[in-house]
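Here is how the chains run, residue by residue.
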Amino acid sequence: MCEPTATEPATDLLGTPLSEVDERVLAVYSELKKLLAEDGLAPSTAANLRAALAPVAIAVTDLGLCFEHLIELDI
Amino acid sequence: MDTFWNPRTETLGRRDLERLQAAKLRRTVAWAVARSPFHRRRLADAGVAPAEVRTVADITALPLLTREQWMAEQAEFPPYGRLPAIEPRQAVRVHTTSGTSGREPLRALDSRKDWAWAAEMWCYGLWGAGVRPGDTAYVAFGYGSFIGFWGLHYGLEKIGALVVPGGAQSTSNRVRQIIDFGATVVASTPTYALRLAEEARALGVDLPSSTVDKIVLSGEPAGSIPETKRLIEEQWGARAFDTAGMTEVSTIFMFECAHQPGGAHIIEDHLLEEVLDPRGDNPVGYGELGERVVTSFGRSAVPLLRYRTSDLVIREPGTRCGCGRTFDLYSGGVRGRVDEMKLVRGTNVYPRAVESIVRGYAEISEFQLRLSREGLRDEITLRVEVGDWRADDHRWPPLRLRLADELARAHEGLRFRVELCEPATLPRFELKARRLVDDRPEMVPAHV
């Protein structure tokens, strides 16, 4: 899990606190994951969200914010 | 800032880089054990629990994986073996190895994210070579089941360059398209870059006066052979940048930056590379020749842990390069293959060493190295084409003598036969060249 919790502030994989931009990138990533977990998405919506999430996942990995495989979302 | 594709990691200090690698390694090992029956069994057999892998140094607890083991798995459980961590239906693409080694091709699945990652690795290299959104890039590649330059294509699109896919074209059409589209970047194998230049000359096209200023090379070690690289740069009037990748990883693992320090940077934030003694499992240090062993953090579909690549490399600290990247270098790129060395009358012969000599003669347009056995004696023959020269050409005898002398001096006095072939009779290649032909009835096992 990469999202901050009530008790743990968000840090990157090295334990460094996130910048504001980092937090916003991570928020986009988290929102796409949440959306894809919704039931009843139209094929077009689901496919395009998946297509969007793949490069966003690379962005958060490149920034060292998060490192996940996302296969459960068919990404 | 503009120098780096991903400044946050490309300039990371070594200690933090290793911490980042360790964080990814822990997750990758856990993922592989949880999802891949093959890796689960191998780690269990080795008595390794994923929780025991905490730091980069702990990687040595994991068993080494060979191509033969992967192929055996694929043969026993076709079509993909049990390495994949996903169901085939979760993948969006399958690619194979090139088959140029004559072996059964290896099949590798990729997920949607895996492809985004493969393109990303190419972006590190393309950006490092100076490719930018304003470039027009011609990809001289067949776009088939071999993974080749597919990732480069997507990387170029990601950067925002204009891509001209050069699939299903004759060589002469490709030359015309490069000129007609005003390409500034050309991507090809080193062999094919020279073939395109040869064709351009035949068509009367002056490549050095064209818009092309960068050649991105991959697919063969020749991109880091100085003599071959110099020839390509002279014939194109452009700078040549070496990269190297492999189907097993799905993308490139190293790239030559614009500083060109005589080596290529390893993409260390996404790959954990070791260099081992090819005769065993012991690591070798900076500056020593050894075999590349790769662990990839990028491909979710097929986890790759400690894969013995057979690539021979010499690792050096990234600080040797002045570009500012902290990623270590493979000095001289991939220097050959463990299984490529040939033993001829007691002398080690590496195709790369022969190529570096042959490419010192700009007039040689193509060559082939043939090994044969006559009675009990091994013979080695270099067959060359020299433009439109024929056997009775008065320029041939002195060139033959010079070549034979240089080859012998570089190989402990081993006598090479040197033969001139008729024009356009030797094979030409678009992908990986196969210039070594070993016709000996019993193969001499390679020992390094």
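Computed from a predicted structure; not experimentally measured.

### Focus: the overall build of chain B
Okay, step 1: Helix and strand counts for chain B come out as 11 helices and 20 strands.
Okay, step 2: Relative to a compact globule of 448 residues, whose C-alpha radius of gyration would be 22 Å, chain B shows 22 Å and is just as compact.
Okay, step 3: For chain B, the spread of C-alpha atoms along the three principal axes comes to 70 × 55 × 40 Å.
Okay, step 4: Across the 448 residues in chain B, those meeting the buried criterion constitute 57%.
Okay, step 5: Excluding contacts between residues fewer than 6 apart, the proportion of contacts in chain B whose partners are at least 24 apart in sequence is 69%.
Okay, step 6: Roughly 17,400 Å² of accessible area belongs to chain B as shown, and the carbon and sulfur atoms make up 51% of that amount.

### Some details on the overall build of chain A
Okay, step 1: Tallying secondary structure elements over chain A gives two helices and zero strands in all.
Okay, step 2: Counting over 75 residues, chain A shows a buried share of 44%.
Okay, step 3: Contacts in chain A between residues far apart in sequence, at least 24 positions, make up 60% of those at least 6 positions apart.
Okay, step 4: Total accessible area computed for chain A in this model is approximately 4,000 Å², and 58% of it derives from carbon and sulfur atoms.

### Quick look at the packing of aromatic side chains
Okay, step 1: Inspection of every chain in the model, using the stated rule, returns 10 aromatic pairs over all chains.
Okay, step 2: Residues Trp122 of chain B and Phe149 of chain B carry aromatic rings whose centres are separated by 6.0 Å and whose planes lie at 40 degrees to one another, so their mutual orientation is tilted. Note that Trp122 of chain B is positioned in helix α5 (residues 112-128) and Phe149 of chain B in the loop between β3 (136-139) and α6 (150-159), a separation of 27 residues in sequence.
Okay, step 3: Residue classification places Phe149 of chain B among the buried positions, given a relative accessible area of 3%.
Okay, step 4: Measuring from ring centre to ring centre gives 5.1 Å for Tyr143 of chain B and Trp150 of chain B, while their planes differ by 85 degrees; the resulting arrangement is edge-to-face.
Okay, step 5: Overall, Trp150 of chain B belongs to the buried group, its relative accessible area being 16%.
Okay, step 6: Positioned over the ring face of Phe67 of chain A is Lys24 of chain B, at 5.6 Å from the centre of the ring.
Okay, step 7: Above the plane of the ring of Trp150 of chain B lies Arg93 of chain B, whose end atom (NZ or CZ) is 4.8 Å from the centre.

### Topic: the side chain of Glu68 of chain A
Okay, step 1: Tracing the backbone shows Glu68 of chain A in the segment after α2 (43-62).
Okay, step 2: Within the structure, Glu68 of chain A has its side chain in polar contact with the side chain of Lys33 of chain A (distance 2.7 Å).

### Structural notes on the interface of chain A and chain B
Okay, step 1: Between chain A and chain B, the residue contacts involve 21 residues of the former and 28 residues of the latter.
Okay, step 2: Summed over both sides, the interface of chain A with chain B buries roughly 2,100 Å², with 62% coming from carbon and sulfur.
Okay, step 3: Run the count over chain A and chain B and you get one salt bridge.
Okay, step 4: Asp22 of chain A serves as the salt-bridge partner of Arg8 of chain B, at 3.0 Å between the closest nitrogen and oxygen.
Okay, step 5: The tally of links from chain A across to chain B stands at nine residue pairs in polar contact (both at pLDDT 80 or more).
Okay, step 6: Sort the elements by how many residues they give to the side of chain A that touches chain B and α2 of chain A lands first, with eight residues.
Okay, step 7: When grouped by side-chain class, the residues that make up the side of chain A that touches chain B number 13 nonpolar, three polar and five charged.

### A word on the pattern of salt bridges
All names here are of chain B.
Okay, step 1: Throughout the structure, instances matching the rule amount to 44 salt bridges over all chains.
Okay, step 2: Across the pair Arg417 and Glu374 runs a salt bridge, and its minimum N-O distance is 2.7 Å. Of this pair, Arg417 sits in strand β19 (residues 417-420) while Glu374 sits in strand β17 (residues 366-374), and the two are 43 residues apart along the sequence.
Okay, step 3: Residues Arg428 and Glu385 are paired through a salt bridge, measuring 2.9 Å at the closest nitrogen-oxygen approach. Taken together, the positions of Arg428 in the loop between β19 and β20 (436-438) and Glu385 in strand β18 (residues 377-385) put the pair 43 residues apart, joining distant regions of the chain.
Okay, step 4: Given the relative accessible area of 1%, Glu385 is considered buried.

### Considerations on the environment of Glu157 of chain B
Residue and element names in this part refer to chain B.
Okay, step 1: Take Glu157: it is sitting in helix α6.
Okay, step 2: Sequence-wise, Glu157 and Cys123 are 34 residues apart; in three dimensions their C-alpha atoms are separated by 9.4 Å.
Okay, step 3: Reaching out from Glu157, the side chain makes a polar contact with the side chain of His153 at a distance of 2.9 Å.

### Observations concerning helix α9 (residues 226-236) of chain B
Residue and element names in this part refer to chain B.
Okay, step 1: Every buried residue belonging to α9 is among Thr228, Lys229, Leu231, Ile232, Gln235 and Trp236, and all of these are buried. Along the axis of α9, the buried residues cluster in a sector spanning 160 degrees; they form a single face.
Okay, step 2: In this structure, the buried side of α9 is in contact with α7 (171-180), β5 (185-188), α8 (190-203), β6 (214-217), β7 (239-246) and α10 (351-358).
Okay, step 3: Looking one or two places after α9, you find Gly237, whose phi comes out positive at around 60 degrees.

### Some words on the sheet that holds β18 of chain B
Residues and elements named next belong to chain B.
Okay, step 1: Within the open sheet, the four strands sit side by side as β19-β18-β17-β20. Their pairing is mixed. Of all the strands in the sheet, just β19 and β20 have a single pairing partner and so form its edges. Each strand axis lies, on average, 20 degrees off the axis of its neighbour in the sheet, ignoring direction.
Okay, step 2: Against the sheet, α10 contacts β17, β18 and β20, and its axis sits at roughly 135 degrees relative to β17.
Okay, step 3: Of the strands in this sheet, β18 and β19 are in contact with helix α11 (residues 396-410), which crosses β19 at around 150 degrees.

### Digging into the confidence of the model for chain B
Residue and element names in this part refer to chain B.
Okay, step 1: Averaged over every residue, the pLDDT of chain B is 93; the share at 70 or more is 97%.
Okay, step 2: Contacts for the low-pLDDT stretch residues 443-448, under 50 throughout, to residues beyond four places or in other chains number 12 contacts.
Okay, step 3: For this predicted complex, the interface confidence reaches an ipTM of 0.94, while the overall pTM sits at 0.90.

### Quick notes on unusual backbone geometry
Residues and elements named next belong to chain B.
Okay, step 1: Following Pro78, the chain continues to Pro79 via a peptide bond in cis, the omega torsion being 0 degrees.
Okay, step 2: Residues other than glycine seldom take positive phi values, yet Ser250 does so here, at roughly 90 degrees.
Okay, step 3: By the element assignment, Ser250 lies in the loop between β7 and β8 (251-255).
Okay, step 4: Residue classification places Ser250 among the buried positions, given a relative accessible area of 3%.

### Observations regarding the packing of α5 of chain B against α6 of chain B
Residue and element names in this part refer to chain B.
Okay, step 1: Running from amino to carboxyl end, α5 crosses α6 at an angle of 75 degrees, the nearest separation of the two axes being 7 Å. Comparing their axes, α6 and α5 come out roughly perpendicular. For the pair α5 and α6, contact is made by Trp115, Ala116, Ala119, Glu120, Trp122, Cys123, Leu126 and Trp127 and by Trp150, Gly151, Leu152, Tyr154, Gly155, Leu156, Lys158 and Ile159, respectively.
Okay, step 2: Here the residues of the contact of α5 with α6 sort into 12 nonpolar, two polar and two charged.

Scoring rules and cut-offs
Residues numbered from 1 in each chain as written. Chains lettered and ligands numbered in written order. Predicted model: local features only at pLDDT ≥ 70, side-chain atom pairs only at ≥ 80, totals over all residues. Heavy atoms only, no water. Helix = DSSP H or I, 4+ residues; strand = E, 2+ residues; numbered from the N terminus. Rg over C-alpha atoms; globule rule 2.2 N^0.38 Å. Buried < 20%, exposed > 50% of the residue type's maximum accessible area, 1.4 Å probe, protein only. Contact = heavy atoms within 4.5 Å. Areas by Shrake-Rupley, 256 points an atom, 1.4 Å probe, with all protein chains shown as cover. Phe/Tyr/Trp six-rings, centres within 6.5 Å; stacked < 30°, edge-to-face > 60°. Lys NZ or Arg CZ within 6 Å of the ring centre and 35° of its normal. Polar contact = N/O pair within 3.5 Å; in protein donor to acceptor, adjacent residues only side chain to side chain. Buried area = accessible area lost by both parts, 1.4 Å probe. Salt bridge = Lys/Arg side-chain N within 4 Å of Asp/Glu carboxyl O. Nonpolar A, V, L, I, M, F, W, Y, C, P; charged D, E, K, R; others polar. Arc of directions from axis to C-beta. Pairing = 2+ DSSP bridges. Axes fitted to C-alpha atoms, helices over the stretch in contact; angles between N-to-C directions. pLDDT = per-residue confidence, 0-100. Parallel < 35°, antiparallel > 145°, perpendicular 65-115°, else oblique.

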